[in-house]
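What follows is each chain in one-letter form.
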Amino acid sequence: MTELSGKVALVTGASRGIGYGVAEALIARGDRVCITGRNEEALKEAVEKLGADRVIGVAGKAHDEEHQAVAVERTMEAFGRVDFLVNNAGTNPVFGPIADLDLNVARKVFETNVISALGFAQRTWHAWQKDNGGAIVNIASVAGLAPSPFIAAYGVSKAALINLTAQLAHEFAPKVRVNAIAPAVVKTKFAAALYEGREEEAAAGYPLGRLGVPSDIGGAAAFLTSDQSDWITGQTLVVDGGVFLNAGVG
Ligand SMILES: NC(=O)c1ccc[n+]([C@@H]2O[C@H](COP(=O)([O-])OP(=O)(O)OC[C@H]3O[C@@H](n4cnc5c(N)ncnc54)[C@H](OP(=O)(O)O)[C@@H]3O)[C@@H](O)[C@H]2O)c1
């Protein structure tokens, strides 16, 4: 088993998919990790699979302030520090344009995708990072970089998350670096509607010839929470198999 790095991460929404891939990457380099998710049973199973000696799970909804407080407290109690925060939990309950979007749905999207990230960042900052340093990574989306009519409200929220990243990077410097990752389609339950039954066709649009997998994002998150990225803050790293390059082709 890898030696402990001495560092600790909190990864939201990590019982499966991208968050799980991020947790796996951080554990592989020796970090101890707290993962969150709504379904307690699924979270327990993920803790067991990742290794209960280095991982704890705290169940709850990312936007719930009480849950945010408990998750940070439990991380501090279990491991004594919280160096890294990966804001990964996200939602996309609606498809289509926003001209007639129910504003309550818009609020829900922003609550989970933007405000929860701010809430967790405020808490890890005060609990540990402002005095001891660390890094924050927000999982945004390529949908936050350009209009995306099929997932419009989601895209607007991810654009806000990208701006929140830059804002926090400014406020938390020089102690804490804050960056975002903007993935294109990664094969998870969340994105299944975008590729299931037509994966080959979907992948054909990607210059690197395939859709993403959670470990692609895990690798990027490990980089952005390592010394290798010590002089990078406020940035959004596009991890997309090159698909965004197509926007520049006539
Ligand atoms: N997959 C993609 O193609 C893609 C592309 C770009 C960006 N992203 C972003 O990547 C992030 C993760 O997506 P994913 O594809 O890995 O999704 P996923 O496979 O559906 O996994 C989502 C994880 O987050 C948890 N979760 C969901 N809603 C939550 C909430 N409100 N509070 C706490 N935990 C919650 C889920 O567990 P429970 O259901 O038990 O809560 C699960 O562990 C999202 O922010 C998404 O916007 C995904």
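Up top is the structure these notes are about.
Residues numbered from 1 in each chain as written. Predicted model: local features only at pLDDT ≥ 70, side-chain atom pairs only at ≥ 80, totals over all residues. Heavy atoms only, no water.

> What should I look at first to understand the side chain of Thr-112 in this one?
Mapped onto the elements, Thr-112 comes out in helix α4 (residues 103–132). In contact with Thr-112, not counting residues within four places along its chain, are His-63, Ala-89, Gly-90 and Thr-91. (Helix = DSSP H or I, 4+ residues; strand = E, 2+ residues; numbered from the N terminus. Contact = heavy atoms within 4.5 Å.)

> I would appreciate a short explanation of the pairing of strand β3 (residues 55–59) in the present structure.
Every other side chain in a regular strand lies on the same face of the sheet, so the side chains alternate between the two faces. Bridge count for strand β2 (residues 32–37) against β3 is five bridges, and the pairing is parallel. What sits directly across from Ile-35, in β3, is Gly-57. A crossover links β2 with its parallel partner β3, the connecting element being helix α2 (residues 40–50), and its sense is right-handed. (Pairing = 2+ DSSP bridges. Right-handed = clockwise from strand over helix to strand, strands pointing away.)

> What am I meant to see in the packing of aromatic side chains here?
For any pair of aromatic rings, geometry is given as the distance between the ring centres together with the angle between the planes. Tallied over the full model, the rule gives three aromatic pairs. Ring centres of Trp-125 and Phe-172 lie 4.0 Å apart, and the angle between their planes is 5 degrees; this geometry places the pair in the stacked category. Separated by 47 residues along the polypeptide, Trp-125 in helix α4 and Phe-172 in helix α5 (residues 152–172) bring together distant segments of the chain. With respect to burial, Trp-125 and Phe-172 carry one shared label: buried. When the ring centre of Tyr-20 is taken as origin, the NZ or CZ atom of Lys-49, which lies over that ring, is 4.9 Å away. (Phe/Tyr/Trp six-rings, centres within 6.5 Å; stacked < 30°, edge-to-face > 60°. Buried < 20%, exposed > 50% of the residue type's maximum accessible area, 1.4 Å probe, protein only. Lys NZ or Arg CZ within 6 Å of the ring centre and 35° of its normal.)

> Explanation requested: a positive patch on the surface in the structure shown.
A contiguous patch of positive charge, built from Arg-16, Arg-38, Lys-61, Lys-108 and Lys-189, is present on the exposed surface. For Arg-38, a relative accessible area of 65% translates into the label exposed. (Patch = residues over 30% accessible without salt bridge, like charges linked within 9 Å, V, L, I, M, F, W, Y side chains within 5 Å. Areas by Shrake-Rupley, 256 points an atom, 1.4 Å probe, with all protein chains shown as cover. Salt bridge = Lys/Arg side-chain N within 4 Å of Asp/Glu carboxyl O. Lys, Arg positive; Asp, Glu negative; His and termini not counted. Charge placed at Lys NZ, Arg CZ, Asp CG, Glu CD.)

> Which parts of the structure should I look at to understand the packing of α4 against α5?
Between two packed helices, what matters for the description is the angle formed by their axes and the separation of those axes. Where α4 contacts α5, the axes come no closer than 8 Å and their chain directions differ by 15 degrees. Relative to α5, α4 is oriented roughly parallel. The handedness of the crossing between α4 and α5 comes out as right-handed. Contacts from Val-109, Phe-110, Asn-113, Val-114, Ala-117, Leu-118, Ala-121 and Trp-125 of α4 reach α5 at Ala-153, Tyr-154, Val-156, Ser-157, Lys-158, Ala-160, Leu-161, Leu-164, Leu-168 and Phe-172. The class makeup of the residues in the contact of α4 with α5 is 15 nonpolar, two polar and one charged. (Axes fitted to C-alpha atoms, helices over the stretch in contact; angles between N-to-C directions. Parallel < 35°, antiparallel > 145°, perpendicular 65-115°, else oblique. Left-handed = near helix turned anticlockwise from the far one by under 90°. Nonpolar A, V, L, I, M, F, W, Y, C, P; charged D, E, K, R; others polar.)

> It is not clear to me how the environment of Glu-45 should be interpreted in this structure. Could you clarify?
The topology assignment puts Glu-45 in helix α2. With a relative accessible area of 51%, Glu-45 lands in the exposed category. Separated by 29 residues in the primary sequence, Glu-45 and Arg-16 place their C-alpha atoms 9.9 Å from one another.

> What should I look at first to understand the site of the ligand in this one?
Near the ligand lie 29 residues; those nearest to it are Ser-15, Arg-38, Asn-88, Tyr-154 and Thr-188. At a separation of 2.9 Å, an oxygen atom of the ligand approaches a polar backbone atom of Asn-39. Between an oxygen atom of the ligand and a side-chain N or O atom of Tyr-154, the distance comes to 2.5 Å. Relative to its unbound accessible surface of 890 Å², the ligand loses 94% to contact with the protein. Elements supplying a minimum of two residues to the shell around the ligand: α1 (17–28) and α5. Residues that form the shell around the ligand fall into these classes: 13 nonpolar, 11 polar and five charged. (Near = heavy atom within 4 Å. Polar contact = N/O pair within 3.5 Å; in protein donor to acceptor, adjacent residues only side chain to side chain.)

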